[in-house]
Amino acid sequence: LQLRYEQDWDQLSTDGLPVADNQLVQLRTGLFGLYQLDSKTDVGVGLRTGAQSSQQLSHITLADLDDDRREEPGAVFHRYFIRRSHTLFDLSFGKDRFPFWSATGFFWDPDVIPMGASVVCKGADLSEMGSLQFGYYLGPDGHANVGGHLQHIQWQSDYRYNDYSGKWALGYVQDRKSTRL
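One structure accompanies this document, and this report is about it. Being a predicted model, the structure only gives us computed values, none of them experimental. (Residues numbered from 1 in each chain as written. Predicted model: local features only at pLDDT ≥ 70, side-chain atom pairs only at ≥ 80, totals over all residues. Heavy atoms only, no water.)

### Observations concerning the packing of aromatic side chains
Per the stated rule, a full pass over the model turns up one aromatic pair. Here Phe32 and Phe81 contribute two aromatic rings whose centre-to-centre distance is 6.1 Å and whose plane-to-plane angle is 20°, an arrangement assigned as stacked. One end of the pair, Phe32, is in strand β5 (residues 30-38); the other, Phe81, is in strand β8 (residues 75-85), and 49 residues separate them in sequence. Taking the relative accessible area as the measure of exposure, Phe32 reaches 38% and is therefore partly exposed. On the accessibility criterion, Phe81 (5% relative accessible area) is buried. (Phe/Tyr/Trp six-rings, centres within 6.5 Å; stacked < 30°, edge-to-face > 60°. Helix = DSSP H or I, 4+ residues; strand = E, 2+ residues; numbered from the N terminus. Buried < 20%, exposed > 50% of the residue type's maximum accessible area, 1.4 Å probe, protein only.)

### Considerations on the environment of Gly148
Examined against the element boundaries, Gly148 turns out to sit in strand β12 (residues 145-161). Accessibility expressed as a relative area gives 2% for Gly148, which makes it buried. As a C-alpha pair, Gly148 and Tyr137 span eleven residues in sequence and 8.5 Å in three-dimensional space.

Here it is in structure tokens:
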């Protein structure tokens, strides 16, 4: 549950024209459930507030202090997936968070959730060195449509030195736009 106050001023629209200043009171809430079918299989479903047409608009405007504009409250199923764990790899199918590790949200907006499949290789000979992840997804265009293809591959590893630890990763992401399905 998140309650937020936002004040925007001196904004420009995408075509460079000034946008009116505004003050908004917004609410964001979500519910997520994870069910373990057996010791190796998980099923997850997530529901959150927001617009069906946009992954990033997850807030409901309760009050616009400048315009008295309000949005219709909405809810969307933004995550649904099944994950299966094996000795050498994990499989994931559905609409789940992006499996790439990144240090910040600047690489990938956590509200944008791709739909597809991913594999994480974790063989015994790799466990000391790290893990290899690869996947293929349909890129999201809101919650109802897809608008491209996304492929990724990443090697990630943890390190320790005395009292210090960290993570490093090396990867490649290809995002190809396509027409809507």
